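As a plain string of letters, each chain reads:
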Amino acid sequence: LRLGERERAEQWLLQASESTVLETLMRLASVCLRYGFTTKALEALQRATSLYPASRTGWTQLAYTQAECWQMDDALASAAKIEALGGDDALPAIKALVARRLGDVNTAMTIYGELVQREPIPGEYASRMAQCSLYSDLLSPIESLGLRQSLFMRLGERARPRASFMRPPLEGRRIRLG
């Protein structure tokens, strides 16, 4: 697809969609999502989970893809299946994504708060928690600001001081051109 060979790519996608190998179907879904073929991605993941019903990885990717495609009821059903299989590290992030997309920012913020504790450096979950805090009815603007500052305060540790970025004025110095 990147090379503009659409017919060959479609043949490859069709051939890969008939596979019975879990890894092939997962890779197919990933490629389809990257290029905007969400229906094909969902079909590949549904095939993977029907062929491998005990695959937590398959169900996790299906739940995430369903949430990304705004199929929230299906995503929650897939998340329940993941829980029945013993859970997955990605399950809280999927639940937070669904809650955020459904407008339940307080639930999403709570889940992201738990995920932030696992992050060694503030990253994706801290950013999403900060975004949810902007829309939360439970936090005042000042509390939201305080939360965002506390989330990202560690990013400034060991940073160069502001003064080190200042250069001496150009007054009295010649400027060479050319």
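The rules behind each value
- Residues numbered from 1 in each chain as written.
- Predicted model: local features only at pLDDT ≥ 70, side-chain atom pairs only at ≥ 80, totals over all residues.
- Heavy atoms only, no water.
- Helix = DSSP H or I, 4+ residues; strand = E, 2+ residues; numbered from the N terminus.
- Expected span 1.5 Å × (residues − 1).
- Contact = heavy atoms within 4.5 Å.
- Phe/Tyr/Trp six-rings, centres within 6.5 Å; stacked < 30°, edge-to-face > 60°.
- Lys NZ or Arg CZ within 6 Å of the ring centre and 35° of its normal.
- Buried < 20%, exposed > 50% of the residue type's maximum accessible area, 1.4 Å probe, protein only.

### A closer look at helix α8 (residues 124-135)
Reasoning step 1: For α8, built from twelve residues, the straight-helix expectation of 16 Å at 1.5 Å per residue is met to within 8% by its first-to-last C-alpha distance of 18 Å.
Reasoning step 2: Buried residues along α8 sit against α6 (91-101), α7 (105-116) and α9 (141-152).

### Some remarks on the packing of aromatic side chains
Reasoning step 1: For the structure shown, the criterion picks out one aromatic pair.
Reasoning step 2: Aromatic pair Tyr112 and Tyr125: ring centres 6.2 Å apart, planes at 25 degrees, arrangement stacked. Of the two residues, Tyr112 sits in helix α7 while Tyr125 sits in helix α8, which places them 13 residues apart along the sequence.
Reasoning step 3: Taking NZ or CZ as reference, Arg160 lies 4.0 Å from the ring centre of Phe165, over its face.

### Concerning the environment of Ala67
Reasoning step 1: When you line up the elements, Ala67 lands in helix α4 (residues 56-68).
Reasoning step 2: For Ala67, a relative accessible area of 0% translates into the label buried.
Reasoning step 3: The residues touching Ala67, leaving out its near neighbours within four places in the chain, are Met72, Ala75, Leu97, Val98 and Arg101.

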